[in-house]
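# Analysis of the macromolecular model
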Amino acid sequence: MSSLENQAFAGQNDLTYTITTQGATYQNDAIEASVIIDILVGFETDPDDFIVLEPSAPIGGSVYMQAIPTPDEDGGFSVELRLEHADGTFSHYSYSTTDKDEAIRMCLDYWGMQKLPDLSGWEDVTDQF
């Protein structure tokens, strides 16, 4: 098991997850770190794929995290996060990276440790929705 996979198990709790991709939907019992890693690595061969990680309850206000390949950036990823607020509004953030391990780590932290990334370097794209 890689160090990325090992870190994903540090904080498992009672949340359940659904992962949706272009080709399949995975329910909680079928989700392992290797599934998330394989999907993200698979973007290289299927540039139309995506991954959406949806927890059963919000994580720090976040109702999902998603990632897609960015064909204009060779091997790049766009990771997005939606935060829902108590007043019924939401904020949507986007982050671009060409570091595959960084994108994988964000998804594994979200799933395995229920940890949001530091959004200070992310772009607020709420006005696009």
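Computed from a predicted structure; not experimentally measured.

Turning our attention to the pairing of strand 6 (residues 90–97). Taking burial as the measure, the eight residues of strand 6 include six buried ones, the bulk of the element. Pairing analysis gives eight bridges linking strand 5 (residues 76–84) to strand 6, with the strands arranged antiparallel. The residue bridging Phe77 from the neighbouring strand is Thr97, located in strand 6. Adjacent in sequence and paired antiparallel, strand 5 and strand 6 are bridged by five residues, among which Gly88 carries a positive phi angle near 90°. As paired strands, strand 6 and strand 7 (residues 123–124) are joined by two bridges and run antiparallel to one another. Bridge assignment links Ser94 to a residue of strand 7, and that residue is Glu123.

With that out of the way, let us pick up the packing of aromatic side chains. Evaluation of the coordinates by the stated rule reveals three aromatic pairs. Here Phe43 and Phe77 contribute two aromatic rings whose centre-to-centre distance is 5.8 Å and whose plane-to-plane angle is 35°, an arrangement assigned as tilted. One end of the pair, Phe43, is in the loop between helix 2 (33–41) and strand 3 (51–55); the other, Phe77, is in strand 5, and 34 residues separate them in sequence. Centroid distance Tyr95 to Trp122: 5.3 Å. Interplanar angle 25°. Geometry classified as stacked. Of this pair, Tyr95 sits in strand 6 while Trp122 sits in the loop between helix 3 (100–112) and strand 7, and the two are 27 residues apart along the sequence.

Rules used throughout
Residues numbered from 1 in each chain as written. Predicted model: local features only at pLDDT ≥ 70, side-chain atom pairs only at ≥ 80, totals over all residues. Heavy atoms only, no water. Buried < 20%, exposed > 50% of the residue type's maximum accessible area, 1.4 Å probe, protein only. Helix = DSSP H or I, 4+ residues; strand = E, 2+ residues; numbered from the N terminus. Pairing = 2+ DSSP bridges. Phe/Tyr/Trp six-rings, centres within 6.5 Å; stacked < 30°, edge-to-face > 60°.

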